[in-house]
Amino acid sequence: MTTLAAAEAAGDKAPDAFRTISEVAEDLDLPQHVLRFWETRFAQIRPLKRGGNRRYYRRDDVDLLRGVRQLLYGQGYTIRGVQRILRERGMRFVQAVGRGEQVAPAAFPETEPAQPAAGGKPVLSPADRAALGRALEILRDCRAQLAAWRDGPCDHAADDDTRDDAIGDEGFAARTSPTEGS
């Protein structure tokens, strides 16, 4: 039983009574700052604000927040995805999701998996096979380079000397000495 439902059952608050942000946050198991953030992302979330900028939520506000939470955390929607649902299906639909009366479509529709061939392995297109072959080749080159670096001489100062020779004396002096006149 949720905190609000428990409070209503205990007779603490009437079903239509306003809820504070702390009560709603506790009921939805969310930090208060998340509720304030959602107000900036969803124009439909408009709690009543009183003196001192205190927020009071109506029952419909709580249902909407519960629906947004279900879509974001329960069904894997992004904020943009929930905004799209609010735009296309409306606030009442999201409130119904929050009450458990409606179910939103899957956020990531299932696609048909590749059918396995006779050997039990999925069939790859020639383009996919070529791309995987190139990726494997790159990974093997990386492995060889790492092994050569790991197994090579530990004196990396020689590498620095070679680099300095390639730059020349003026370049080395410019990199190591402070600028004149400072």
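Only a predicted model underlies this, so the values are computations on that prediction, with no experimental measurement involved.

Caption draft 1: Structural view of the overall build of the protein chain. Helix and strand counts for the protein chain stand at nine helices and three strands. In the protein chain, the succession of helices and strands from N to C terminus is α-β-α-α-β-β-α-α-α-α-α-α. The buried share among the 182 residues of the protein chain stands at 23%. The contacts in the protein chain between residues at least 6 apart in sequence include a share of 49% that link residues at least 24 apart. With the model as given, the accessible surface of the protein chain reaches about 13200 Å², and the carbon-plus-sulfur share is 54%.

Caption draft 2: Highlighting the side chain of R55. By the secondary structure assignment, R55 is in strand β3 (residues 54–57). Once residues within four sequence positions are removed from consideration, R55 is found in contact with R19, T20, I21, R36, E39, P47, L48 and K49.

Caption draft 3: Expanded view of unusual backbone geometry. If you check the backbone angles, D29 has positive phi at about 55° while not being a glycine. Note on D29: relative accessible area 61%, which makes it exposed. One non-glycine residue, N53, lies in positive phi territory at about 60°. As for its position among the elements, N53 is in the loop between β2 (48–50) and β3.

Caption draft 4: Expanded view of the nonpolar core. Counting 25 residues, the largest nonpolar core has L35, W38, L65, V68, L71, V82 and V94 as its most contacted members. Among the secondary structure elements, those contributing two or more residues to this core are α2 (21–28), α3 (32–41), α4 (59–74), α5 (79–89) and α6 (91–99). With six residues, α4 is the largest single contributor of residues to this core. Beyond its immediate sequence surroundings of up to four residues, W38 is in contact with L30, I45, L65, V68, R69, L72 and Y73.

Caption draft 5: Representation of α5. If you check which residues of α5 are buried, you get G81, V82, I85 and L86. Buried residues of α5, viewed axially, fall in a sector of 140°; they line one side. Facing away from the buried side of α5 by more than 90 degrees, the exposed set consists of R80, R87 and E88. Tucked into the core, α5 has its buried residues touching α4 and α6. Downstream of α5 by a residue or two, G90 has a phi angle that is positive, lying close to 95°.

Conventions adopted
Residues numbered from 1 in each chain as written. Predicted model: local features only at pLDDT ≥ 70, side-chain atom pairs only at ≥ 80, totals over all residues. Heavy atoms only, no water. Helix = DSSP H or I, 4+ residues; strand = E, 2+ residues; numbered from the N terminus. Buried < 20%, exposed > 50% of the residue type's maximum accessible area, 1.4 Å probe, protein only. Contact = heavy atoms within 4.5 Å. Areas by Shrake-Rupley, 256 points an atom, 1.4 Å probe, with all protein chains shown as cover. Core = buried A, V, L, I, M, F, W, Y, C linked by side-chain atoms within 4.5 Å. Arc of directions from axis to C-beta.

Such coordinate-based values are descriptive only and should not be taken to indicate function.
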